[in-house]
Amino acid sequence: MKINNIISVVLVSAIFLLVIISTVVKVSMNHNEREMLVVTKRIEEAARKCSIEEKCSEEIISLGLLIQKGYLDKQVHPKTKEYISEGTPILCKSLTCEVEIP
């Protein structure tokens, strides 16, 4: 009888730990994705604003150009916590800007 109770407690504890661990991993991954999305959208919005104001007429704008013109401060990569390279290209076509951050 005692062995059945011990096995039941261990089994319930193991299931509980699996649920907790999987939830923590999922929340952490979701958080990292959202941080990256925020940085990406901030850069794209600055590039769009620069294009609208006709201060950036090129189709490919660098992050350094946006920083130089005062549209952004240096951006920190959310995963590595290092500055994003100022040579990062931003592609703008008809007021739609896209950036890929490595």
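Everything here concerns the structure above.
A. Looking closely at the pairing of strand E2 (residues 89-93). Here E2 shows a clear split, with Ile90 and Cys92 buried on one side and none of Pro89, Leu91 and Lys93 buried on the other. Pairing analysis gives 4 bridges linking E2 to strand E3 (residues 96-99), with the strands arranged antiparallel. Looking at the pairing, isoleucine 90 lines up with valine 99 of E3. With antiparallel pairing between neighbouring strands as the criterion, E2 and E3 make up a hairpin whose turn holds 2 residues, including serine 94 at a positive phi of roughly 45 degrees.

B. Geometry of the side chain of threonine 40. Locating threonine 40 in the fold gives a position in helix H1 (residues 2-52). A relative accessible area of 13% means that threonine 40 is categorised as buried. A polar contact of 2.9 Å, which involves the side chain of threonine 40, links it to the backbone oxygen of methionine 36. In contact with threonine 40, other than residues within four places in its own chain, are Val99 and Ile101.

C. Representation of a nonpolar patch on the surface. Nonpolar side chains collect at one region of the surface, where Leu17, Ile21, Val25 and Met29 lie side by side and expose about 380 Å² of accessible area between them. Within the secondary structure, leucine 17 sits in helix H1.

D. Quick look at the nonpolar core. Judged by nonpolar contacts, the single largest core of 20 residues is most densely connected at Ile43, Ala47, Ile61, Leu66, Leu72, Ile90 and Ile101. For this core, the secondary-structure elements that each account for two or more residues are H1, helix H2 (63-68), E2 and E3. In terms of residues, this core owes the most to one element, H1, which gives 6 residues. In contact with isoleucine 101, other than residues within four places in its own chain, are Met36, Val39, Thr40, Ile43, His77 and Ile84.

E. Highlighting the state of the cysteines. Applying the stated criterion to the full structure yields 2 disulfides. Bridging cysteine 50 to cysteine 56, the disulfide has an S-S length of 1.6 Å. With the S-S bond torsion at 70 degrees, the cross-link from cysteine 50 to cysteine 56 turns out right-handed. Looking at cysteine 50, the relative accessible area reads 0%, which means it is buried. Across the chain, the way the bonded cysteines pair up, counted in sequence order, is 1-2, 3-4.

The rules we used
- Residues numbered from 1 in each chain as written.
- Predicted model: local features only at pLDDT ≥ 70, side-chain atom pairs only at ≥ 80, totals over all residues.
- Heavy atoms only, no water.
- Buried < 20%, exposed > 50% of the residue type's maximum accessible area, 1.4 Å probe, protein only.
- Helix = DSSP H or I, 4+ residues; strand = E, 2+ residues; numbered from the N terminus.
- Pairing = 2+ DSSP bridges.
- Polar contact = N/O pair within 3.5 Å; in protein donor to acceptor, adjacent residues only side chain to side chain.
- Contact = heavy atoms within 4.5 Å.
- Patch = residues over 30% accessible without salt bridge, like charges linked within 9 Å, V, L, I, M, F, W, Y side chains within 5 Å.
- Areas by Shrake-Rupley, 256 points an atom, 1.4 Å probe, with all protein chains shown as cover.
- Salt bridge = Lys/Arg side-chain N within 4 Å of Asp/Glu carboxyl O.
- Core = buried A, V, L, I, M, F, W, Y, C linked by side-chain atoms within 4.5 Å.
- Disulfide = S-S within 2.5 Å.

Nothing here speaks to function; it is geometry throughout.
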